[in-house]
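Report on the structure
Here is how the chains run, residue by residue.
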Amino acid sequence: MSRTALRICPLCEATCGLTLTVDGSRVTGARGDREDVFSKGFICPKGASFGAVDGDPDRLRGPLVRREGVLREATWEEAFDAVAAGIRPVVERYGPHAAGVVLGNPNVHTVAGALYPPVLLAALGTRSLFTASTLDQMPKHVSSGLLFGDAGAIPVPDLDRTGHLLLIGANPLESNGSLCTAPDFPGRLKALKARGGTLTVVDPRRTRTAALADRHLAIRPGTDALLLAAMAHVLFEEGLTDLAHLAPHVQDVEELRSAIRDFTPEAVSGACDVDADVIRALARDLAAAPTAAVYGRIGSCTVPHGTLASWLVDVLNILTGNLDRPGGALFPQAATDRPPRPAGPGRGFALGRWHSRVSGHPEAKGELPISALAEEIDTATREGEPIRALVAVAANPVLSAPDGDRLDKALASLDFMVSVDPYLNETSRHAHVVLPPPPPAQSPHHDFAFNTLAVRNQVRYTRPAVPLEPGRMAESEILARLILAATGMHGADPAAVDETVIGQTLGKAVKEPHSPVHGRDPRELAARLTGDGGPERRLDMMLRLGPYGDGFGARPDGLSLEKLLAHPHGVDLGPLRPRLPQPLKTVSGRIELLPRPIADDLPRLRAALRERPAGLVLVGRRHLRSNNSWMHNVPALTGGSNRCTLHIHPEDAARLGIRDGAAVHVKGAGGALTAPAEITDGVRPGVVSLPHGWGHDRPGTRLAHAATDPGVNVNQLLDGSLLDPLSGNAVLNGVPVRLSPAAAPA
Ligand SMILES: Nc1nc2c(c(=O)[nH]1)N[C@H]1C(S)=C(S)[C@@H](COP(=O)(O)OP(=O)(O)OC[C@H]3O[C@@H](n4cnc5c(=O)[nH]c(N)nc54)[C@H](O)[C@@H]3O)O[C@H]1N2
Ligand SMILES: Nc1nc2c(c(=O)[nH]1)N[C@H]1C(S)=C(S)[C@@H](COP(=O)(O)OP(=O)(O)OC[C@H]3O[C@@H](n4cnc5c(=O)[nH]c(N)nc54)[C@H](O)[C@@H]3O)O[C@H]1N2
Ligand code: SF4
Ligand SMILES: [Mo]
């Protein structure tokens, strides 16, 4: 007997509602939920393969513990015993920073990943935190921190209402969007065009997104900050700035004008490979559009000037009065956000409060660059102890971060490592303990992270579509037990972790004058929480304290878990609304348009005007049926055009004597690899492209299908030394490489 169940898709940032068909504990089908308040039935090929992803036979069914060097099946009790025995001695002997934590991308796609890692970090007290953010959007956090005083305040393009979208280094027709949660991003772009709006795409590749655009600029990789600075320059020079409603909230406009004086279109044109006339036209069109949004993503972040480019994206939105207005770029307000505090000066955003031990990289947002993880493990210094124990949750840095071969060796040298991961893969194979979470159908879902980045305010929650199979443990319980084991409380009741958080949060809330529960008794509030277990009680608490919440009775129409459960397809909270100045937490209480660290980094950008390395540079690409490093094990999602090939322009191929399909030797600073050439004018001359997340040929993994067509690890071409200095973000795009035809077939 089959039945249906709702489940929000966790496989990308679009957060589509799915209707699953379930047979026993097996998911046999997935279609778009037409009643979902946000996704309205949209689904992509990955979502449609939810059942295959969920039911992958290579998913681990129970914990593994290393005994005499070999990972063997064990009980949960043995596994957590081993965690406590592995981590505690390291922390006690060498201090908390000798225990590192690595958090990977899927943490933003699970309830457990949102609720427990912050507790783990606070309890452990380690500064050795490395996450996928420094392979991704850390530049945006830093620019938001500096501009708005809050690293989490990221403006989102108002896709459904804008008249003009300038899209930089993003390919939502493959990625389905990022830092802009929008189910059916492709449909929303088509709707923009249908209502007479314009779409401009800046990308060295002619992507499917670029093909949809009114104008496509095949920029030279890594030079977007120059292009955007020149656009800002034109706005000033031609008197096209108009801060409009923003004027009372912005400072340092004149300082900005003089700081970017020398970034003229003529000066940047040669570096960017974009005509000065075109840059002027881009700036004029942006200023003339009734509403417009500039939006930058991976291609604008994972480059040497990632923070400057991210800053300039918002600078352009501000100078044209498009920030915080309908049709421009707005700050979403999620249902689980903290209750909005009254507007006014805040504490501001600090960078570099501590530095990495080996290379002295500044922390950003409490994190060290993941590019430095290997050296923080394998290099002893006088400054302190290397990392000797590692907790990895949903992370595969051996493939996703630079120089996986070095990291591979470093991980093998650890005293202890635990991976919370459903797979035995390139990274988790080094663990002494592997704790596998259940498949997604057996987990609840709520998008704590992506609702703060969504193009429409809405809230949805789905309970597990399938009950936990015998022997499985919910990921929330795994993480709660891991926290206890790592912090000297091994064996305590995991529910205590949630109850402690609830007690602390409510205790704080009742003291805040702007909180809806100001002055009440936290124990009385805790007793009112509903929900099946700790994570649901915490969700209930956040909803009720939040901006749309019922305030524990203060606003009876407001949100609570109970109300959300009564609306299984979600609750629509309306279009994005202007919110300034409330989100600002800068020391001045205003938007600080030219923050000191940014001004100090401009000379480096100026130097880039004159640098034009000869030779080819490498960029990445994504495929609709992939997801970073962990979906190549699902037969339905691999093959066809989803292959690890080197895209190369016909002119470059001819010059180098490379034939289509032939093996090419690619050499970078961190290593070399051989991949088959795919000759295509989809990539501009001077640029080659390889996707990331491949290279599934290491021993000791359990990824049977992925191993049949392993591909190569593009990140082996990097040595980890190329970073955006302000954010510590890895440079993954615009990397110099040398090519030659390979002797043997790829
Ligand atoms: N060259 C190059 N490199 C890149 C990029 C690029 O564009 N180019 N992109 C970068 C970006 S944007 C990112 S975000 C990173 C991603 O890099 P990572 O953060 O390493 O993420 P994934 O590669 O997706 O690997 C996720 C891991 O989580 C596991 N996992 C899957 N589902 C779950 C779950 O529900 N719970 C738990 N606990 N684990 C789970 C998977 O088995 C896998 O081991 O890669 C980066 N690397
Ligand atoms: N199908 C699929 N979807 C995904 C993922 C996936 O792996 N597969 N990963 C998810 C994750 S973790 C993320 S962060 C998002 C990322 O979402 P997007 O940012 O949309 O990622 P990409 O599709 O890699 O698009 C980046 C584009 O930047 C271009 N580019 C490279 N260098 C430069 C440059 O210097 N300047 C400019 N202007 N462009 C440049 C590349 O050619 C590429 O087309 O996607 C998410 N969604
Ligand atoms: S677009 Fe993303 S969230 Fe929607 S079905 Fe596809 S993978 Fe899932
Ligand atoms: Mo990402």
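Definitions and cut-offs
- Here the residue numbers are simple positions, counted from 1 along each chain's written sequence.
- Chain A is the first chain written and ligand 1 is the first ligand written, with later ones labelled in order.
- Since the coordinates come from a predicted model, pLDDT governs what is reported: local features require at least 70, and pairs of side-chain atoms require 80 or more to be given and counted, while whole-chain, interface and lining totals use all residues.
- Side-chain metrics in this entry use all non-hydrogen atoms of the structure; hydrogen atoms and water are not considered.
- Secondary structure follows DSSP: runs of H or I at least 4 residues long count as helices, runs of E at least 2 residues long count as strands, and numbering of each begins at the N terminus.
- For the exposure calls, accessible area comes from a 1.4 Å probe over protein chains only, and a residue counts as buried if that area is under 20% of its type's maximum, exposed if over 50%, partly exposed in between.
- Note on contacts: a residue pair qualifies if any of its non-hydrogen atoms lie within 4.5 Å across the two residues.
- Strands qualify as paired when DSSP identifies two bridges or more between them.
- Helix axes are fitted to C-alpha atoms over the stretch in contact, other axes to C-alpha atoms as well, and angles between N-to-C directions run from 0 to 180 degrees.
- Note that the domain bounds were set by an automatic or database domain assignment.
- Accessible-area loss on putting two parts together, using a 1.4 Å probe and summing over both, is the definition of buried area adopted here.
- By definition, a salt bridge exists where a carboxyl oxygen of Asp or Glu is found within 4 Å of a side-chain nitrogen of Lys or Arg.
- By the criterion applied in these results, polar contacts are pairs of N or O atoms within 3.5 Å in which, for protein atoms, one can donate a hydrogen and the other can accept it, and in which residues neighboring in sequence qualify only through two side-chain atoms.
- Proximity criterion: a residue is near a molecule or strand once any of its heavy atoms comes within 4 Å of it.
- Surface accessibility in these figures is a Shrake-Rupley result with a 1.4 Å probe; residues are shielded only by whichever protein chains are displayed.
- Amino acids are sorted into nonpolar (Ala, Val, Leu, Ile, Met, Phe, Trp, Tyr, Cys and Pro), charged (Asp, Glu, Lys and Arg) and polar (every other residue, Gly among them).
- How far a helix is expected to stretch is found by multiplying one less than its residue total by 1.5 Å.
- Every angle not falling under 35 degrees, over 145, or within 65 to 115 is termed oblique; those three ranges are roughly parallel, roughly antiparallel and roughly perpendicular.
- Crossings are assigned a handedness: left-handed for a near helix turned anticlockwise from the far helix by less than a right angle, right-handed for a clockwise turn.
- When the centres of two rings from Phe, Tyr and Trp lie within 6.5 Å, Trp using its six-membered ring, the rings pair. Their planes under 30 degrees apart give stacked, over 60 give edge-to-face, and anything left gives tilted.

On to the environment of Asn425, then. The topology assignment puts Asn425 in the loop between strand 16 (416-420) and strand 17 (433-435). Relative accessible area serves as the criterion here: at 4%, Asn425 is assigned to the buried category. Residues Asn425 and Asp405, 20 residues apart in the sequence, show an inter-C-alpha distance of 14 Å. Excluding residues that lie within four positions of it along the chain, Asn425 makes contacts with Asn396, Thr701 and Leu703.

Once that is clear, we can look at the sheet that holds strand 28 (residues 735-741). Strands sit in the order 21-25-22-24-23-28 around a closed barrel of six strands; the barrel is mixed. Across the sheet, the axes of successive neighbouring strands diverge by a mean angle of 45 degrees, strand direction being ignored. In this sheet, strand 24 (residues 671-679) lies alongside strand 23 (residues 663-668) in antiparallel orientation, the contact comprising six bridges. Residue pairing across strands places Gly668 opposite Gly671, the latter belonging to strand 24.

Split by domain assignment, the protein chain resolves into domain 1 (2-54), domain 2 (64-134 + 362-455 + 465-574), domain 3 (138-337 + 581-605) and domain 4 (613-741). Relative to domain 3, the C-alpha centre of domain 1 lies at a distance of 33 Å. Between domain 1 and domain 3, the residue contacts involve nine residues of the former and 10 residues of the latter. Summed over both partners, the interface of domain 1 with domain 3 buries about 780 Å², with 58% contributed by carbon and sulfur atoms. Per-residue buried area on domain 1 facing domain 3 is highest for Glu13, Phe38 and Phe42; these three make up 66% of the total on that side. Between domain 1 and domain 3 we count zero salt bridges in total. At the boundary of domain 1 with domain 3, the tally comes to four residue pairs in polar contact (both at pLDDT 80 or more).

With that out of the way, let us pick up the sheet that holds strand 10 (residues 198-202). For sheets, the rule is that strands pair by backbone hydrogen bonds, running either parallel or antiparallel. Read across the sheet, four strands follow the order 11-10-9-13 without closing on themselves; strand pairing throughout is parallel. The open sheet has two free edges, formed respectively by strand 11 (215-217) and strand 13 (293-296), since each of these has just one partner strand. Between one strand axis and the next, the sheet turns by 15 degrees as a mean value, whatever way the strands run.

Here the focus is the site of ligand 1. Not every one of the 28 residues close to ligand 1 is listed here, only the nearest: Ser400, Asp421, Asn425, Glu475 and Ser629. Between ligand 1 and the protein, one listed contact pairs a nitrogen atom with a backbone N or O atom of Val420 at 3.0 Å. Within the contact set of ligand 1, an oxygen atom lies 2.6 Å away from a side-chain nitrogen or oxygen of Asp421. Alone, ligand 1 offers 920 Å² of accessible surface; in the complex the protein occludes 95% of this. Residue classes in the shell around ligand 1 are distributed as 14 nonpolar, 10 polar and four charged. Both of domain 2 (64-134 + 362-455 + 465-574) and domain 4 (613-741) provide at least three residues apiece to the shell around ligand 1.

Quick look at unusual backbone geometry now. Going from Leu580 to Pro581, the amide bond is cis rather than trans, its omega being 5 degrees. Position of Pro581 relative to the elements: it lies in the loop between strand 19 (571-575) and strand 20 (591-592). The residue Lys40 is not glycine, and still its phi comes out positive at about 50 degrees. Examined against the element boundaries, Lys40 turns out to sit in the loop between strand 3 (26-32) and helix 1 (45-48). You will see that Asp324, though not glycine, has its phi angle at about 60 degrees, which is positive.

Under the 1.5 Å per step criterion, the end-to-end length of helix 20 (residues 495-509) is 21 Å for 15 residues, consistent within 8% with the ideal 21 Å. Listed as buried for helix 20 are Val497, Asp498, Val501, Ile502, Leu506, Gly507 and Ala509. Elements that come into contact with the buried residues of helix 20 comprise helix 5 (117-124), helix 19 (475-486), helix 21 (522-528) and helix 22 (534-545).

The N-to-C vectors of helix 10 (residues 224-237) and helix 15 (residues 306-319) enclose an angle of 25 degrees; their axes lie 9 Å apart at closest approach. Judged by the inter-axis angle, helix 10 sits roughly parallel to helix 15. For the crossing formed where helix 10 meets helix 15, the hand is left-handed. Between helix 10, through Ala225, Leu228, Ala229, Met231, Ala232, Leu235 and Phe236, and helix 15, the contact on the second element is made entirely by Leu308, Ala309, Leu312, Val313, Leu316 and Leu319. Partitioning the contact of helix 10 with helix 15 into residue classes produces 13 nonpolar, no polar and no charged.

Looking now at the packing of aromatic side chains. Overall, the coordinates contain three aromatic pairs when judged by the stated rule. A centroid spacing of 6.2 Å and a plane angle of 20 degrees characterise the contact between Trp76 and Phe80, whose relative ring orientation is stacked. A residue pair is termed a helical-turn pair when its members lie 3 or 4 positions apart in one helix, as Trp76 and Phe80 do in helix 3 (residues 76-94) at four residues. On the basis of relative accessible area, Trp76 is assigned to the buried category, the value being 14%. By relative accessible area, Phe80 is classed as buried at 4%. Both rings, one in Phe148 and one in Phe331, keep their centres 5.2 Å apart while their planes meet at 90 degrees; by these two values the pair is edge-to-face. Taken together, the positions of Phe148 in helix 6 (residues 138-148) and Phe331 in the loop between strand 14 (329-330) and helix 16 (373-378) put the pair 183 residues apart, joining distant regions of the chain.

What follows covers the site of ligand 3. The environment of ligand 3 is made up of Cys9, Leu11, Cys12, Ala14, Thr15, Cys16, Phe42, Ile43, Cys44, Lys46, Gly47 and Asn176. Looking at the shell around ligand 3 residue by residue, the classes come out as eight nonpolar, three polar and one charged.

Close contact between helix 5 and helix 19 brings their axes to 10 Å; oriented N to C, the two are set at 5 degrees. The orientation of helix 5 relative to helix 19 falls into the category roughly parallel. The segment helix 5 lies against helix 19, with Pro117, Val119, Leu120 and Leu124 engaging Leu479, Ile483 and Ala486. Its residues placed into classes, the contact of helix 5 with helix 19 shows seven nonpolar, no polar and no charged.

Turning to the pairing of strand 23, a few remarks are in order. Between strand 23 and strand 24, which pair antiparallel and follow one another directly, the connecting turn spans two residues. With four bridges connecting them, strand 23 and strand 28 associate as antiparallel partners. Along strand 28, the bridge assignment pairs Val666 with Leu739.

Right, let's get into the pattern of salt bridges. Pairing is possible between side chains that carry opposite charge, provided their charged atoms lie close to one another. All told, the structure shown has 42 salt bridges when counted by the stated rule. Across the pair Asp36 and Arg460 runs a salt bridge whose closest N-O atoms are separated by 3.0 Å. Linking Asp36 in the loop between strand 3 and helix 1 with Arg460 in the loop between strand 18 (456-459) and helix 19, this pair joins segments that are 424 residues apart in sequence. The partner of Arg698 in a salt bridge is Asp405, and the shortest N-O contact between them spans 3.1 Å. A residue pair is termed long-range when its members are at least 10 positions apart, and Arg698 in the loop between strand 25 (687-689) and helix 26 (704-708) and Asp405 in helix 18 (residues 404-412) qualify at 293 residues. On the basis of relative accessible area, Arg698 is assigned to the buried category, the value being 14%.

On to helix 22, then. Look at helix 22: 16 Å from first C-alpha to last across 12 residues, which is about the 16 Å you get at 1.5 Å a residue. Extensive coverage of helix 22 is indicated by the burial of 11 of its 12 residues. Inspection of helix 22 places Gly534, Pro535, Glu536, Arg537, Arg538, Leu539, Asp540, Met541, Leu543, Arg544 and Leu545 among the buried residues, and these make up the whole buried set.

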